[in-house]
Amino acid sequence: MTTASEGYAHPEYLTDAAWVAAHLDDPNVVILDCANTADAWQRGHIPGAAHVADNWAKNPDTQRQHVMTPDQFKAMAEGYGIGDDTTVVTYDHAQGLTAARIWWVFNYYGHTDVKVLNGGWRAWVNAGQPVDFGRPKAPASVTFTPRADDSLIATGDELKEACSLDGARDDVVVWDVRSDGEWDGSAPNYSNARQGHVPGAVHLEWFHLMDRNTHEFKPAAEIRQILTEHGITPDKTAYSY
């Protein structure tokens with residue numbers, strides 16, 4: 001079984017059930033259950049965890065898959081008692097998919113004190129930790145200051161410059177993390193008007209980096225090997241979608 005510190009370049013991005021359990025009563029820690037539906041949260045969650053769906057990764061006014069505006073995100077964060085000095089823990093039961101999305105949005109808005117529970121809900125239950133069915137306590141009055149880091153987002157023009165019909169430049173790799181059907185156009189993709197993939201992109205669906213049984217990230221060495229086999233290496237600028 002992997003641990004949150006096993007060979008990763010940034011082990012602080014992950015945490016484990018024992019750490020979360022030790023900080024359940026810490027007023028400076030807010031735990032977010034990132035289940036896709038509130039029904040899943042109501043069936044049981046980490047004590048004190050508030051439910052937040054992955055709509056944090058899109059603009060609620062337009063419903064487009066773009067991050068919220070700074071004011072929208074500020075209001076959302078403060079509504080959960082998340083301020084500039086708050087440690088945020090995200091978890092899900094989707095092998096880290098939604099928890100990682102929300103982790104990324106926090107980082108985009110300059111809040112780097114956020115961790116993903118490695119293994120998510122499955123790790124929590126398997127560790128015999130307590131399960132709650134109640135609502136979290138009222139959030140503290142805090143101030144969240146959004147500081148957007150646009151370097152974490154690639155624009156369409158940037159991607160066009162990085163690749164062509166002949167493929168990506170030698171110093172660039174475009175990584176398509178979607179399903180096989182979305183990659184080859186055999187499955188409908190209701191979020192896009194067109195099917196297929198970016199010319200020259202490599203295909204590696206995101207869950208191949210996860211342990212399907214534990215829902216934890218695979219060991220760092222194994223992840224590096226998988227990425228290298230697909231040409232996703234540290235010497236290249238990686239664009240993912």
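The coordinates are above.
Quick notes on the rules
- Numbering of residues starts from 1 in every chain and runs along the sequence as written.
- In keeping with the model being predicted, local features are shown solely for residues with a pLDDT of at least 70 and side-chain atom pairs are shown and tallied solely at 80 or more, while totals for entire chains, interfaces and linings include all residues.
- Excluded from the side-chain calculation are hydrogens and water; included are all heavy atoms of the structure.
- Numbering of helices and strands starts at the N terminus; helices are DSSP runs of H or I of at least 4 residues and strands are runs of E of at least 2.
- Each residue's exposure class comes from its accessible area (1.4 Å probe, protein chains only) as a fraction of the maximum for that residue type: buried when under 20%, exposed when over 50%, partly exposed otherwise.
- Here a salt bridge means any side-chain nitrogen of Lys or Arg lying within 4 Å of a carboxyl oxygen belonging to Asp or Glu.
- In this analysis, two residues are considered to be in contact whenever any of their non-hydrogen atoms come within 4.5 Å of each other.
- Of all possible arcs, the one meant is that of the directions from the helix axis to the C-beta atoms.
- Each pair of strands is called paired provided DSSP finds at least two bridges between the two strands.
- Pairing of aromatic side chains requires ring centres within 6.5 Å, counting the rings of Phe and Tyr and the six-membered ring of Trp. Pairs whose planes differ by under 30 degrees are stacked, by over 60 edge-to-face, and all others tilted.
- Patch definition: residues with relative accessible area over 30% and no salt bridge; like charges joined within 9 Å; nonpolar side chains (Val, Leu, Ile, Met, Phe, Trp, Tyr) joined within 5 Å.
- Here the Shrake-Rupley method, with its probe set to 1.4 Å, supplies the accessible areas, and only the displayed protein chains count as covering residues.

**Things to note about the overall build of the protein chain**
Then step 1. When helices and strands are tallied, the protein chain shows 8 helices and 10 strands.
Then step 2. The proportion of buried residues among the 241 residues of the protein chain is 39%.

**Overview of the pattern of salt bridges**
Any two side chains of opposite charge can pair, so long as their charged atoms come close to each other.
Then step 1. Counted according to the given criterion, the structure contains 3 salt bridges.
Then step 2. When the shortest N-O distance is used, the salt bridge between aspartate 176 and arginine 178 registers 2.8 Å.
Then step 3. On the accessibility criterion, arginine 178 (14% relative accessible area) is buried.
Then step 4. Ionic pairing is found between lysine 218 and glutamate 222, a salt bridge with its closest N-O pair at 3.8 Å.
Then step 5. With a relative accessible area of 35%, glutamate 222 lands in the partly exposed category.

**Examining the environment of tyrosine 108**
Then step 1. One can find tyrosine 108 in helix 4 (residues 97-108).
Then step 2. Classification of tyrosine 108 as buried rests on a relative accessible area of 7%.
Then step 3. With 40 residues separating them in the primary sequence, tyrosine 108 and alanine 148 have C-alpha atoms 5.5 Å apart.
Then step 4. The contacts of tyrosine 108, once residues within four sequence positions are left out, are Val67, Arg147, Ala148, Asp149, Asp150, Leu152 and Ile153.

**Comments concerning helix 3 (residues 70-79)**
Then step 1. Turning to helix 3, its buried residues are Gln72, Phe73 and Ala77. Here the buried residues of helix 3 occupy an arc of 125 degrees about the axis, which is enough to place them on one side. Turned more than 90 degrees from where helix 3 packs its buried face, Asp71 and Ala75 sit exposed.
Then step 2. Contacts from the buried residues of helix 3 go to helix 4.
Then step 3. Of the residues trailing helix 3, glycine 81 is marked for its positive phi of about 75 degrees.

**What about the sheet that holds strand 8 (residues 172-176)?**
Then step 1. With parallel pairing, the 3 strands of this open sheet are ordered in space as 9-8-10. Single-partner strands in this sheet number two, and they are strand 9 (202-203) and strand 10 (237-240).
Then step 2. Relative to strand 10, strand 8 runs parallel, the two sharing 4 bridges. Bridge pairing links tryptophan 175 to serine 240 in strand 10.

**Quick word on the packing of aromatic side chains**
Then step 1. Counted by the stated rule, this structure contains 9 aromatic pairs.
Then step 2. Summarising the aromatic geometry, the rings of phenylalanine 73 and tyrosine 109 are spaced 4.9 Å apart at their centres and angled 20 degrees between planes, so their arrangement reads as stacked. Of this pair, phenylalanine 73 sits in helix 3 while tyrosine 109 is found in the loop between helix 4 and strand 5 (114-117), placing the two residues 36 residues apart along the sequence.
Then step 3. Phenylalanine 73 sits in the buried class, given a relative accessible area of 0%.
Then step 4. With a relative accessible area of 2%, tyrosine 109 lands in the buried category.

**What about the pairing of strand 2 (residues 29-33)?**
Then step 1. In terms of burial, strand 2 is largely enclosed, as 5 of its 5 residues are buried.
Then step 2. Along strand 2, one buried face is formed by Val29, Ile31 and Asp33 and the opposite face, lined by Val30 and Leu32, is buried too.
Then step 3. For strand 2 and strand 4 (residues 87-91), the ladder comprises 5 bridges, and the chain directions are parallel. By the bridge assignment for strand 4, valine 29 is matched with threonine 87.
Then step 4. As paired elements, strand 2 and strand 3 (residues 50-51) share 2 bridges and run parallel to each other. Each residue of the ladder has a partner; that of leucine 32, found in strand 3, is alanine 50.

**Notes on a nonpolar patch on the surface**
Then step 1. On the surface, Val125, Val131 and Phe133 cluster together to form a nonpolar patch covering roughly 270 Å² of accessible area.
Then step 2. For valine 131, the location among the structural elements is in the loop between helix 5 (120-126) and helix 6 (156-162).
Then step 3. Classification of valine 131 as partly exposed rests on a relative accessible area of 37%.

**What to know about unusual backbone geometry**
Then step 1. Positive phi, close to 55 degrees, is recorded for glutamine 95, a residue that is not glycine.
Then step 2. The phi angle at histidine 215 is positive, at roughly 70 degrees, despite the residue not being glycine.
Then step 3. Structurally, the position occupied by histidine 215 is in the loop between strand 9 and helix 8 (220-229).

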